[in-house]
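Architecture at a glance
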Amino acid sequence: MTNRRTSTFKKARTHLQLWQVVLIALFIFYMLLPIFSTYIFSIATRWDRTILPEGITSEFYQEATKASYFSSSLRNSLILSLSTILVSLVIIIPTVYWVNVRLPQAKSILDILMILPFGIPTVVLALALVQVYNGTPLGRTPQLLIGAVFIYSMPFMYRPVSNAMRSIDALTLTEAGQSLGASTLQVMIQVIIPNIFSGIISGSLLVFATVFAEFTLTKLILGARFKTFPLLLVEYTRINGNIAAAFSVISFTIAWLISLLILWIGKKGQGSSTQAPTAH
Amino acid sequence: MAYLELRNIHKSFGNVTAVNNFNLDIEKGKLVSFLGPSGCGKTTTLRMIAGFEQPDEGTIRLGNQDITVISPNQRDIGMVFQAYALFPNMNVRQNIAFGLKMKKTPKAEIEKRVDEVLEMVRLKDTAKRFPHQLSGGQQQRIALARALAVRPRVLLLDEPLSALDAEVRVALRGEIRRIQSDLAITTVYVTHDQEEALSISDQVVVMNNGIIQQVGTPEEIYRSPATRFVATFIGTANQFFGNVAGECKVQSNGLTITTRKLSDFSSGQKVVVLVRPELIIVSNAQPDTNSGNTIPGMVETITFHGAVTRLGVHVNQQRVVADITMTSSGYISLNQKVWLSFKPDACKVMAVDE
């Protein structure tokens, strides 16, 4: 399978036309340029009179890490994204499972519901939630923010989990488990979840990436009371561009590291359970 | 008292009646097949025994216990599915051990039982493999082993061979029957394949449109079908529609068919005469002895089936099929005139409701 795929890929590559190579190169350049420039800008001493920076320094990184909210905002961002992942997992997986096995009629309704967060502007979502919950114990708390970013990031967890669930015969597997004496919960934990693990991992990655970089909802619901990393970054764009660039690079790096960690957990979780049949 | 009893079972899905007034007693240790075309309610009935569907009416009793409303995981009933339904994330050993683990069986006992059932399905060397590394036939044998490991009170098989190749199908059905008789486990086997049902069952339940058509041994089902549906669904039967025209005569499209005594029918009643193709003798000259029915016809089709050759013979506005053996097939060619003869005993007469 893999062999065949690589060989067709190689074959396709030998037939690439010059204009295709140029187009792809331009695309890659276009995508990488901002990241690369941000990185250079974060270590450049002075870069306004020359094409390349006049010198290199680690000064901005030192200043960035010394910023008063550096570690607390980083911690807040991590808490926010990881708890959102947890909430999504606990709510989305059983829902998708239940709908697939017991209420297949509701699948299309759920599919449409899960597109809605894309249709609602985040500003509207934030203001609506603040209006509704103001005055209740939940008003303007980090818990409300978790709820808000959960709604906002819901499709990113739902899609991969739902696709993975559709690729297995969840109903028959459930019935097989039940006939062997397992309860629905036991079937879900021991049979269903291991078989949709790849979907859960992709969902978690997408939710993490979305929430870790989330700005609007945090700003509008909690403002300065709960400073997350993106908030700090935006603050510094007004103070010092180089330090803001350093923050961006740190943010990329952390997001990458966490993504790798989630992927590693995914690989480990699949180690005992070869996923070949559900992978394609 | 039978071991597994189904009483007055009704089940509808919306306006569609899936199972209608189903009554059946299954003796302990027997293999009973539910046979019928798709949509006849056989799978629905099986799923009600398993507990995956609830009957709208009626009761199901197993070993003197009412199990109608008991949830599937409490019933002690093993099930094998058409799609194998092995857990892809577990290897063969873990799959088989799953049910025992749910029952909190001690570890050593689990090991022993897994080895035992693996031995039974003759797949000992696959214990460490994952389902996707096995062929369809092997997967289904593991699924059977998994269902048997927990020593269920009843084994349910839902079209277990339908997804397999013809050769594997025949081998595996023999295997299923061997294991079933060795363990003397009460088994319900759902299939749409009559050959399968006839070859492995103690009893066959023929169903159509949610109604039991006949319950009997495979021989009874084949030799004395209770309804026209059974006669035509099991094997092939030539049908001559007509009216009763005498003590043992039926008039059909200008043919007069001599049958056994028609004491159950009134004169002029609409009936159908059913004749199995293998009970028709084909000759290329008019037979001298007229000890029954002899009808002339023209050979229209010749289909070679291996052991027998099936002829389609045009007789008096209708097509009659007759099976002949290899030895006699050499004498018959297309468009040839032949004489079909069958004894009155070969005729099964049934009333036709308007």
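Residues numbered from 1 in each chain as written. Chains lettered and ligands numbered in written order. Predicted model: local features only at pLDDT ≥ 70, side-chain atom pairs only at ≥ 80, totals over all residues. Heavy atoms only, no water.

Let's shift gears to the environment of L6 of chain B. Residue and element names in this part refer to chain B. Within the fold, L6 resides in strand β1 (residues 4-13). On the basis of relative accessible area, L6 is assigned to the buried category, the value being 0%. Once the C-alpha coordinates of L6 and I49 are considered, the two residues, 43 residues apart in sequence, prove to be 8.5 Å apart. (Helix = DSSP H or I, 4+ residues; strand = E, 2+ residues; numbered from the N terminus. Buried < 20%, exposed > 50% of the residue type's maximum accessible area, 1.4 Å probe, protein only.)

Residues and elements named next belong to chain A. Two elements in contact, helix α9 (residues 170-179) and helix α10 (residues 184-195), have axes separated by 10 Å at closest approach and are oriented at 135°. When the axis of α9 is compared with that of α10, the two are oblique. Taken as a pair, α9 and α10 cross one another with a handedness that is right-handed. On the side of α9, the interface is formed by A170, L173, T174, G177 and Q178, while α10 contributes T184, V187, V191, I192 and N195. Its residues assigned to classes, the contact of α9 with α10 shows five nonpolar, five polar and no charged. (Axes fitted to C-alpha atoms, helices over the stretch in contact; angles between N-to-C directions. Parallel < 35°, antiparallel > 145°, perpendicular 65-115°, else oblique. Left-handed = near helix turned anticlockwise from the far one by under 90°. Contact = heavy atoms within 4.5 Å. Nonpolar A, V, L, I, M, F, W, Y, C, P; charged D, E, K, R; others polar.)

Taken together, the contact pairs 21 residues of chain B with 21 residues of chain A. For the chain B and chain A pair, buried surface summed over both sides reaches about 2000 Å², with 65% attributable to carbon and sulfur atoms. Interface area lost by chain B to chain A is led by N73, N89 and M102 of chain B, which between them contribute 28%. Across the contact surface, chain B and chain A share one salt bridge. (Buried area = accessible area lost by both parts, 1.4 Å probe. Salt bridge = Lys/Arg side-chain N within 4 Å of Asp/Glu carboxyl O.)

Okay, the pattern of salt bridges next. All names here are of chain A. Inspection of every chain in the model, using the stated rule, returns 28 salt bridges over all chains. Salt-bridge contacts for D111 lead to R166; the nearest nitrogen and oxygen are separated by 3.4 Å. Separated by 55 residues along the polypeptide, D111 in helix α5 (residues 107-113) and R166 in helix α8 (residues 142-167) bring together distant segments of the chain. Residue classification places D111 among the buried residues on the basis of a relative accessible area of 17%.

Quick look at the confidence of the model for chain B now. When pLDDT drops low, the exact placement of atoms in the prediction is not to be read closely. On average, chain B scores 92 in pLDDT, and the residues at 70 or more come to 97%. Here the predicted complex carries an ipTM of 0.87, next to a pTM of 0.84. (pLDDT = per-residue confidence, 0-100.)

All names here are of chain B. With burial as the criterion, only one face of strand β12 (residues 249-252) is covered, namely that bearing V250 and S252; the residues K249 and Q251 on the opposite face remain uncovered. Looking at chain direction, β12 and strand β13 (residues 255-258) are connected through four bridges and run antiparallel. Each bridged residue has a counterpart across the sheet, and for K249 the counterpart in β13 is T258. Hairpin connection, β12 to β13: the antiparallel pair is bridged by two residues, and N253 has positive phi, about 50°. (Pairing = 2+ DSSP bridges.)

Once that is clear, we can look at the domain arrangement of chain B. Many analyses report the size of an interface as the accessible area lost when the parts associate. Residues and elements named next belong to chain B. The domains assigned to chain B are domain 1 (4-233) and domain 2 (238-351). Facing the eight residues of domain 1 at the interface are eight residues of domain 2. Buried surface at the junction of domain 1 and domain 2, both sides included, amounts to about 680 Å², of which 52% is carbon and sulfur. On the domain 1 side of the interface with domain 2, the three residues burying the most area are Y222, R228 and A231, jointly 66% of the side's total. Summed over the shared surface of domain 1 and domain 2, the result is zero salt bridges. Scanning the region where domain 1 abuts domain 2 turns up four residue pairs in polar contact (both at pLDDT 80 or more). Counting only elements with at least two residues in the side of domain 1 that touches domain 2, the list comes to α7 (218-223) and α8 (228-233). For the side of domain 1 that touches domain 2, the element with the highest residue contribution is α8, accounting for three residues. Looking at the side of domain 1 that touches domain 2 residue by residue, the classes come out as five nonpolar, two polar and one charged. (Domains from an automatic or database assignment. Polar contact = N/O pair within 3.5 Å; in protein donor to acceptor, adjacent residues only side chain to side chain.)

By size, the foremost hydrophobic cluster in this structure holds 139 residues, and its most contacted members are I221 and F247 of chain A. Here the element with the most residues in this core is α8 of chain A; it accounts for twelve residues. If near-sequence neighbours (up to four positions away) are discounted, F247 of chain A is found in contact with A64, A67, F70, F229, L232, L233 and Y236 of chain A. Counting 26 residues, the second-largest nonpolar core is a separate cluster that includes F240, V320, V338 and C347 of chain B. (Core = buried A, V, L, I, M, F, W, Y, C linked by side-chain atoms within 4.5 Å.)

Turning to the sheet that holds strand β18 (residues 318-325) of chain B, a few remarks are in order. Residue and element names in this part refer to chain B. Strand order in the open sheet formed by five strands is β15-β19-β16-β17-β18, and the pairing between neighbours is antiparallel. The open sheet has two edge strands, β15 (281-283) and β18, and neither has a second partner. Ignoring strand direction, the axes of neighbouring strands in this sheet form an average angle of 45°. Two elements, β15 and strand β19 (residues 337-342), share three bridges in a ladder whose sense is antiparallel.

Once that is clear, we can look at helix α3 (residues 107-120) of chain B. Given 3.6 residues to a turn, an α-helix orients residues that are three or four positions apart in the same direction. All names here are of chain B. For α3, with 14 residues, the first-to-last C-alpha span of 20 Å sits near the 20 Å given by 1.5 Å per residue. Among all positions in α3, only I110, R113, V114, V117, L118 and M120 are buried. In a view along the axis of α3, the buried residues occupy a sector of 155°, so they form one face of it. Of the surrounding secondary structure, the elements contacted by the buried residues of α3 are α2 (92-102), α4 (136-149) and α5 (166-183). Once α3 ends, the next one or two residues include R122, with phi positive near 60°. (Expected span 1.5 Å × (residues − 1). Arc of directions from axis to C-beta.)

So, about the side chain of S42 of chain A. All names here are of chain A. Checked against the element boundaries, S42 lands in helix α2 (residues 18-43). Within the structure, S42 has its side chain in polar contact with the backbone oxygen of Y39 (distance 2.6 Å). Once residues within four sequence positions are removed from consideration, S42 is found in contact with T57, F60, Y61, N242, A245, A246 and V249.

Before going further, it helps to examine the pairing of strand β2 (residues 16-26) of chain B. Direction of pairing for β1 of chain B relative to β2 of chain B: antiparallel, over a ladder of seven bridges. Counterpart to S12 of chain B in the pairing with β2 of chain B is T17 of chain B.

Residue and element names in this part refer to chain A. If you walk through the whole model with that rule in mind, you get twelve aromatic pairs over all chains. With a centroid separation of 5.5 Å and an interplanar angle of 75°, the aromatic rings of F118 and F156 are classed as edge-to-face. Placement of F118 in helix α6 (residues 116-119) and of F156 in helix α8 is noted, with a sequence separation of 38 residues between them. Overall, the relative accessible area of 52% leaves F118 in the exposed class. Owing to a relative accessible area of 23%, F156 belongs among the partly exposed residues under this scheme. Centroid distance F208 to F212: 5.2 Å. Interplanar angle 20°. Geometry classified as stacked. Of this pair, F208 and F212 both sit in helix α11 (residues 197-212), four residues apart, roughly one helical turn. F208 gets classed as buried once you look at its relative accessible area, which sits at 0%. What makes F212 buried here is its relative accessible area of 3%. (Phe/Tyr/Trp six-rings, centres within 6.5 Å; stacked < 30°, edge-to-face > 60°.)

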